[in-house]
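Observations on the model geometry
The primary structure of each chain is shown beneath.
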Amino acid sequence: MKKTVSGWGRYPVMEAEVRELLPGSTPALPEEGVIARGLGRSYGDSALADTLYRTLPRNRMLDFDGERGELHCEAGVSFAELLRVFVPRGWFPPVTAGTKHITVGGAIASDVHGKNHHRDGCFSDYVRELTLLGPGGEIFACSREENPELFHATCGGMGLTGIILEARMRMRPIGSSKLDVMTLKAENLEEIFRLMEEYGDWPYSVAWLDCMAGGRKLGRSLLMAGRFREDGRLDYTEKAAPGIPFTLPGFLLNRGTVSAFNALYYHRVRGKRTSGIQDIHSFFYPLDIISNWNRIYGRQGFLQYQFVLPKENSYEGMKSVLEEISASGMGSFLSVLKLMGPENDNFLSFPLEGYTLALDFKVQPGLFDFLDGLDCLVADLGGRIYLTKDARMSSGIFEEGYPGLQRFREVRNSYGMAGCFESEQSRRLEI
Amino acid sequence: MHILILGGNSDIGLAIARTYAEKEGASLTLASRDTGELERNASDLSIRYGVEVDTVRFDACDFDAHRDFYKQLENRPDGVVLAFGYNGDQERAQADAEEQRTIIETNFLGAASILRVVAEDFEVRANRDGESLFIIGLSSVAGERGRKANYVYGSSKAGLSAYLSGLRQRLAPQGIQVVTVKPGYVDTKMTAGMDLPGPLVLSPDKVARKTYSAWKRGKSVTYVTWYWRVIITLVKMVPERLFKRLEI
Ligand SMILES: Cc1cc2nc3c(=O)[nH]c(=O)nc-3n(C[C@H](O)[C@H](O)[C@H](O)COP(=O)(O)OP(=O)(O)OC[C@H]3O[C@@H](n4cnc5c(N)ncnc54)[C@H](O)[C@@H]3O)c2cc1C
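Worth saying up front: this structure is predicted, and the values here are computed from it rather than measured.

Examining the sheet that holds strand β5 (residues 134-138) of chain B
Residues and elements named next belong to chain B. Reading across from one edge, β3-β2-β1-β4-β5-β6-β7 is the order of the seven strands in this open sheet, with parallel pairing throughout. What marks the edges here is a single partner per strand, and that holds for β3 (53-57) and β7 (221-222). Relative to strand β4 (residues 79-82), strand β1 (residues 2-6) runs parallel, the two sharing four bridges. The residue bridging L6 from the neighbouring strand is L82, located in β4. In the packing of helix α6 (residues 151-171) onto the sheet, contacts are made with β4, β5, β6 (177-181) and β7, and the angle to β6 comes to roughly 160°.

Spelled out as structure tokens, the structure:
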């Protein structure tokens, strides 16, 4: 059935044939232009193609080893389901995105990082093996031992090596569903960098940055550092998330409103340093409180721009980027700064040891040119841009940032996947 | 409580299984032809809800085997959910005797055959031990009036509805509850790819919730949504003279 589809950013929009990956059968895949789609929480055009295979019907949990915390499940299982089933038993996903509405398949394909990347790495680092549906309907098992090249291409491979059917992964034991959270106020960029390092031994940390503030206040932010408590409480209740009933007019988000929101958010926290107890929802998934918040950006949609810079260039680099943004007046509602640990062996995985910043921009005249400028800055500093958030970078910038690309292409070609699995993004980036 | 789901790979059967596992902590037996899929569904249910789930092969059309199938179950069910069904293809059924037969055999003969065995056992157990037992049968609004678009399927479900209704009357004195569920269009594997009237389409979970609450409240027949009840009442009121000329 043809449907109008888009990523979470609602840009770009296209018509695609949408099919369901039903349980129990191997579908005959079209010869080209096929891509898997989970819950569609990637922002740009990575889960868009002529034919989309929705993985949600395959969401069964196949085996759980309660000793080792190892779960074998189908790729359409969502993180929300994982939490519902496993938090009460004292297990938590090893790595989670900032929304629980993503699938295991999507988390592997994007090699998702969380607030604990600096300590624990990416989601795929906890995946022991997976099975993949290839072009001719063959099924490949891969792990670090079996078809290792295919494994490292698939983790972070944005669905371009086939459809992930199942995965075996390790969950993390937790002693509570509550976290101790420390919130620290930083006056400027220098201070937030210092605090991030200082709190680097906390398992989870993230900073929320007011990117409208310039001058001496450039980089003012709130750092949230968290760790699970050990009090044995394992309650988990999910509240129904109200939705935004219609797309808001785009003009609601402008320099004035965004600045006001940012200032309010920043000043809401009184003390320099406050500590408290939060539950899983408020610490990990604050945005899930409103089910379709992407509608606040209006009809044109929005872009998320997330890049990472190597540590040695991080401070100066972030400073230049923030100066550009604050001068441009292209407001970002939400800007998130994270510390990242060492990169892994996956060919197209995003994280790099250093700092990453994620920004939302409403699609508006001048934005694309402006971001092209930021791309050059990021590339010159040895950084890269996150594929799962991207909808617009050029193939040149992409190639510069991802040295594993050549090997990725080789693997895809050697398994005959290059023609069959391709997304709007892979066409644009000439992957 | 132990529940036997006949058609244990069907979307509605599984949704009902999930509901009873979650709300009643019921243990389950899933029965169907594809035992590989059955195993996967069983693992999923037992991991999610921490209940015991076993699987057994069952073929609705293998009538002669039904008695043995039921006798050899490891767990005596307190409730039996009849959730298997074959939608088939009306046009094919018109052209091809085999297709027509499969539809009727699965939905009506298959159901009648296994329900006879179940009823026999339930009657004895209810009389002897006063157990509270129940049968839930998934019929369809398609059985309310034959339409050219799907009268083969519809008539097989009409037969099932009548069978369940009779069974209900027979078993009522023993306190055995028989629930007939009549969903309209449901978004399932069976209907995947069909052009369904969007707003009228229900999810399997909705059907399961409705079924569960009908059972809980001791109801006999549930239409799943009120508007189907209204639509069906209207469709049934159209005189045959007029009906045969309608394009519905
Ligand atoms: C509010 C919010 C917060 C986020 N926070 C973070 C974060 O903190 N860290 C982070 O890393 N990401 C984050 N993301 C991005 C998100 O985690 C990823 O985009 C994730 O891949 C989405 O999963 P999905 O199931 O929705 O996949 P989709 O968006 O449907 O697909 C994403 C990609 O995965 C591929 N894919 C999906 N399923 C399969 C499969 N079974 N087999 C093969 N390929 C598949 C698709 O082809 C596509 O390329 C966030 C997104 C949102 C909306």
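Description of the site of the ligand
Residues and elements named next belong to chain A. Surrounding the ligand, one finds 36 residues, the nearest of these being A36, G38, R41, T103 and Y386. A distance of 2.7 Å is found between an oxygen atom of the ligand and a backbone nitrogen or oxygen belonging to G38. Residue K338 places a side-chain N or O atom 3.1 Å away from an oxygen atom belonging to the ligand. Look at the ligand: alone it shows 950 Å² of surface, and the protein chains cover 97% of it. If you list the elements that add at least two residues to the shell around the ligand, you get β3 (34-37), α2 (104-109) and β10 (163-170). Looking at the shell around the ligand residue by residue, the classes come out as 17 nonpolar, 15 polar and four charged.

Quick word on the interface of chain A and chain B
Facing 16 residues of chain A, the contacting portion of chain B comprises eleven residues. With both chains or domains summed, chain A and chain B bury close to 1,200 Å², and 51% of this area falls on carbon and sulfur atoms. Ranking the residues of chain A by area buried against chain B places R60, M61 and L62 of chain A at the top, with a combined share of 41%. Seen at the junction of chain A and chain B, the total is four salt bridges. For E166 of chain A, the salt bridge is made with R40 of chain B, and the minimal N-O distance between the two is 2.5 Å. Counting every contact that joins chain A to chain B gives ten residue pairs in polar contact (both at pLDDT 80 or more). Those elements giving two or more residues to the side of chain A that touches chain B turn out to be β5 (61-65) and α1 (79-86) of chain A.

A look at the confidence of the model for chain B
Residues of chain B with pLDDT of at least 70 account for 96%, and the chain-wide mean is 94. Quick note on the complex model: pTM equals 0.94, ipTM equals 0.90.

What to know about the pattern of salt bridges
Summed over all chains, the structure comprises 51 salt bridges over all chains. Taking the shortest distance from any N to any O, the salt bridge between E238 of chain A and R84 of chain A comes out at 3.2 Å. Taken together, the residues span a long stretch of sequence, with E238 of chain A in the loop between β14 (221-228) and α6 (255-268) and R84 of chain A in helix α1 at a distance of 154 residues. Of the charged contacts in the structure, one is a salt bridge between R125 of chain B and D121 of chain B, with a shortest N-O distance of 2.9 Å.

Considerations on helix α9 (residues 367-380) of chain A
Residues spaced three or four apart along an α-helix face the same direction, because each turn holds 3.6 residues. Residue and element names in this part refer to chain A. The terminal C-alpha atoms of α9 lie 20 Å apart, and with 14 residues this matches the ideal 20 Å at 1.5 Å per residue to within 8%. L367, F370, L371, L374, D375, V378 and A379 are the residues of α9 that are buried. Looking at the packing, one finds that the buried side of α9 touches β16 (302-310), α8 (311-328), β18 (354-362), β19 (384-385) and α10 (395-401). Phi turns positive, to about 80°, at G382, one or two residues after α9.

Details of the packing of aromatic side chains
Residues and elements named next belong to chain A. This model, assessed by the stated rule, comprises 34 aromatic pairs over all chains. Between Y204 and F284, the aromatic rings sit 4.9 Å apart at their centres with planes inclined by 85°, giving edge-to-face as the arrangement. Taken together, the residues span a long stretch of sequence, with Y204 in strand β13 (residues 204-209) and F284 in helix α7 (residues 280-284) at a distance of 80 residues. Look at Y204 and you get buried, because its relative accessible area is 4%. A relative accessible area of 2% means that F284 is categorised as buried. Judged by centre distance (5.8 Å) and plane angle (50°), the ring pair of W293 and F302 falls under tilted. There is no split in this pair, since W293 and F302 are both buried.

Quick notes on the sheet that holds strand β15 (residues 273-279) of chain A
All names here are of chain A. Reading across from one edge, β15-β12-β14-β13-β17-β18-β16-β19 is the order of the eight strands in this open sheet, with antiparallel pairing throughout. At either margin of the open sheet sits one strand with a lone partner, and together these are β15 and β19. Relative to β18, β16 runs antiparallel, the two sharing nine bridges. Counted as the bridge partner of V308 is T356 from β18. Against the sheet, α9 contacts β16, β18 and β19, and its axis sits at roughly 10° relative to β16.

Each value, and the rule that gives it
Residues numbered from 1 in each chain as written. Chains lettered and ligands numbered in written order. Predicted model: local features only at pLDDT ≥ 70, side-chain atom pairs only at ≥ 80, totals over all residues. Heavy atoms only, no water. Pairing = 2+ DSSP bridges. Helix = DSSP H or I, 4+ residues; strand = E, 2+ residues; numbered from the N terminus. Contact = heavy atoms within 4.5 Å. Axes fitted to C-alpha atoms, helices over the stretch in contact; angles between N-to-C directions. Near = heavy atom within 4 Å. Polar contact = N/O pair within 3.5 Å; in protein donor to acceptor, adjacent residues only side chain to side chain. Areas by Shrake-Rupley, 256 points an atom, 1.4 Å probe, with all protein chains shown as cover. Nonpolar A, V, L, I, M, F, W, Y, C, P; charged D, E, K, R; others polar. Buried area = accessible area lost by both parts, 1.4 Å probe. Salt bridge = Lys/Arg side-chain N within 4 Å of Asp/Glu carboxyl O. pLDDT = per-residue confidence, 0-100. Expected span 1.5 Å × (residues − 1). Buried < 20%, exposed > 50% of the residue type's maximum accessible area, 1.4 Å probe, protein only. Phe/Tyr/Trp six-rings, centres within 6.5 Å; stacked < 30°, edge-to-face > 60°.

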